[in-house]
Amino acid sequence: MKGVILAAGKGERLRPLTDDRPKVVLKVANRPIIEYVLENLDPFVDEFVIIVRYQKEKLIEVLSDEFNGKPITYVEQLPGDGTAKAIESAREHIGDEEFIVANGDIYFEEDGVRELVAVFRREKADAALLVKHFEDLSHFGKIEVEGSLVKRVAEKPGKVPGYANLGVYIFKPDVFEFIERTPLSERGEYEITDTINLMIDAGKRVAYAAYSGYWNDIGRPWNLLELNEYLLKTNLKHEVRGTVEEGAVLIPPVEVGEGTVIRSGAYIIGPVKIGKNSRIGPNCFIRPYTSIGDNCHVGNAVEVKNSIIMDNSNAPHLNYVGDSIIGENCNLGAGTITANLRHDRANIRVEIKGKLEDSGRHKLGAIIGHNVKTGINVTIYPGRKIGSGSLIGPGVIVDKNVPPRTLVVV
Ligand code: TTP
């Protein structure tokens, strides 16, 4: 069976981290998001087809042409937007067998796919989708079911309990005939949920598998922090491949990659994951749920907590990085501090595609794109974004979002 992964989206809600790359290559717990999708589909498929468009070269560079010995074919999405259009793009690569489809920007585990395949076969279905029960469907379309089959994929019903669609499906090749007939939705996309309703109207058997495991839809920046926390909490082993100097304290689990040096006076409370060839300390404090990538430097008098610091980035002296995401190739000047809590302890709101959204978190720090440099004594307000390639001069208080490639001075 082939596994089709949808990875052509622009990831606009994840700006500035997606300013110059597709969201599926962003690393969480030091691994590109799409690798978790490939890994959890791997037991069920013998070949991957990845649908690409936005910044596709970056994705191809990261994954190359195979995963666990199974070939990957990259297919450019046909003109038009939406998940149905993305799936249609795989048409020539699907023979006459059923195939699995998964969004490339979600996290799910193998058990869900196993159950999906089992339900599809048991029900002799024409299609099957993975669903999960939520108490509040305000942010999801509702999957209405009757017995073992899906009756309808409905609009977002508001704050009511029910099943939501998780973005993992099995289809037979006849889905392409229904995709051809799928109309453009109100938001201007060809959506696979509309295709599924057309299939149900035509009397096709669409089954569902209810998943009880962990799932995350990585649409907004704080979803990366949630997933990072989950992965470190559940999957991390204490393993030191680098060097730990005398006088450093590592409270397990802490993973330290090859070539990394943890210098004296570093105090690290796991779960913490540190990549290869990084320099940590002396005299720093790294608190739980922190991932630090390859070739990073976390230096003297720096505290990092519940954060993601991507490859080649530095917090070298006198920094506080809390509940924050720092892209690749960044450098924080001495005294650059992220604020992660409001005095009134209200939830932090973040501007997403021009609208303020409640992150649901009362602790959220900065969201810093790639290739950003800050000067000394820069203060960043909670939930503020700094666009990739920007330079923030000394003493600046970042209380507004900074667009990409912008120079900000006092
Ligand atoms: P979305 O998260 O709806 O879209 P997106 O990835 O472009 O993100 P944003 O809304 O922030 O801009 O996409 C769901 C999945 O479908 C995701 O895995 C990307 C994929 N997709 C495509 O492959 N092609 C498309 O045209 C669209 C819209 C999404």
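Residues numbered from 1 in each chain as written. Predicted model: local features only at pLDDT ≥ 70, side-chain atom pairs only at ≥ 80, totals over all residues. Heavy atoms only, no water.

Notes on helix α1 (residues 33–41)
Selection rule: To sort residues, take the accessible area from a 1.4 Å probe on protein chains only and compare it with the maximum for the residue type: under 20% means buried, over 50% means exposed, and anything in between is partly exposed. Going along the chain from the N terminus, every DSSP run of H or I of four or more residues is numbered as a helix, and every run of E of two or more is numbered as a strand.
In terms of burial, α1 is largely enclosed, as eight of its nine residues are buried. For α1, every residue scored as buried is listed here: I33, I34, E35, Y36, V37, L38, N40 and L41.

Things to note about the sheet that holds strand β22 (residues 279–280)
As a reminder, the rule being used: Strand pairing is defined by DSSP finding a minimum of two bridges between the two strands.
Ordered by their spatial adjacency, five strands build an open sheet running β16-β19-β22-β25-β28, and the pairing between neighbours is parallel. The two strands at the open ends of the sheet, each matched to only one other strand, are β16 (243–244) and β28 (314–317). As defined by bridge partners, β16 adjoins strand β19 (residues 261–262) across two bridges and the pair is classed as parallel. Note that in β19 the partner of T243 across the bridge is V261.

A look at the confidence of the model for the protein
Stated precisely, the cut-off is as follows: pLDDT gives the predictor's per-residue confidence on a scale running from 0 to 100.
Scored by pLDDT, the protein has a mean of 97; 100% of the residues are at 70 or more. Predicted complex metrics record ipTM = 0.97 and pTM = 0.97.

Topic: helix α7 (residues 221–235)
How we decide: In this scheme, a helix's expected span is set at 1.5 Å multiplied by one less than its residue total.
For α7, spanning 15 residues, the distance from its first C-alpha to its last is 21 Å, which sits close to the expected 21 Å at 1.5 Å a residue. For α7, the set of buried residues is P221, W222, N223, L224, L225, L227, N228, Y230, L231 and L232.

Considering the sheet that holds strand β34 (residues 367–368)
Reading across from one edge, β15-β18-β21-β24-β27-β30-β34-β37 is the order of the eight strands in this open sheet, with parallel pairing throughout. Each having just a single partner strand, β15 (239–240) and β37 (385–386) make up the two edges of the open sheet. Looking at chain direction, strand β24 (residues 290–292) and strand β27 (residues 308–309) are connected through two bridges and run parallel. Each bridged residue has a counterpart across the sheet, and for I292 the counterpart in β27 is I309.

Brief notes about the pattern of salt bridges
The test is simple: One side-chain nitrogen of Lys or Arg within 4 Å of one carboxyl oxygen of Asp or Glu is enough to make a salt bridge.
Under the criterion given, the structure shown has 31 salt bridges. Among the salt bridges present, the one from E35 reaches R31, with a minimum N-O distance of 2.9 Å. Two residues, R342 and D344, come together in a salt bridge whose shortest N-O distance is 2.8 Å. Since its relative accessible area comes to 39%, R342 is described here as partly exposed. What makes D344 partly exposed here is its relative accessible area of 48%.

Comments concerning the environment of L364
Selection criterion: Every residue pair with non-hydrogen atoms within 4.5 Å of one another is taken to be in contact.
Its location among the elements puts L364 in the loop between β33 (355–358) and β34. Given the relative accessible area of 1%, L364 is considered buried. Distance in space between the C-alpha atoms of L364 and P382 is 5.8 Å, their sequence separation being 18 residues. Aside from chain neighbours lying at most four places away, what touches L364 is W222, L225, D323, A339, N340, I348, V350, S359, P382 and G383.

Considerations on the site of the ligand
The condition that has to hold: Throughout, the term near means that a residue has one or more heavy atoms lying within 4 Å of the molecule or strand in question. As used in this structure description, the phrase polar contact means that two N or O atoms lie within 3.5 Å; if the pair is within protein, one of them must be able to donate a hydrogen and the other to accept it, and residues adjacent in sequence are counted only when both atoms belong to side chains. Computed by Shrake-Rupley with a 1.4 Å probe, the accessible areas treat only the displayed protein chains as cover when residues are assessed. Each residue gets one label: Ala, Val, Leu, Ile, Met, Phe, Trp, Tyr, Cys and Pro are nonpolar, Asp, Glu, Lys and Arg are charged, and the others, such as Gly, are polar.
For the ligand, the set of nearby residues contains 19 residues, the closest of which are L6, E12, R13, Q77 and G82. Q77 places a side-chain nitrogen or oxygen 2.7 Å from a nitrogen atom of the ligand. In this structure, an oxygen atom belonging to the ligand sits 3.1 Å away from a main-chain N or O atom of G104. Calculation on the ligand without its partners gives an accessible area of 570 Å², and the protein chains cover 88% of this total. Among the elements of the structure, β1 (2–7) and α3 (83–88) are those that each provide at least two residues to the shell around the ligand. Of the residues that constitute the shell around the ligand, the class distribution is four nonpolar, seven polar and eight charged.

Quick notes on a nonpolar patch on the surface
Let me state the cut-off plainly: Residues enter patches when their relative accessible area tops 30% and they take part in no salt bridge; the joining distance is 9 Å for like charges and 5 Å for the nonpolar side chains Val, Leu, Ile, Met, Phe, Trp and Tyr.
Among the surface-exposed residues, V249, I251 and Y267 lie close enough to one another that they form a single nonpolar patch of about 210 Å² accessible area. Checked against the element boundaries, Y267 lands in strand β20 (residues 267–269). Overall, Y267 belongs to the partly exposed group, its relative accessible area being 36%.

Focus: the nonpolar core
Heads up, the rule is: What makes a nonpolar core is a set of buried Ala, Val, Leu, Ile, Met, Phe, Trp, Tyr and Cys residues whose side-chain atoms join them at distances within 4.5 Å.
In this structure, L41, I50, L59, I100 and F108 are the most contacted members of the largest nonpolar core, which totals 42 residues. For this core, the leading source of residues is helix α4 (residues 110–122), giving five residues. Once you skip the residues sitting within four places of it in the chain, L59 turns out to touch A7, P22, V24, V25, I34, I50, V52 and Y74.

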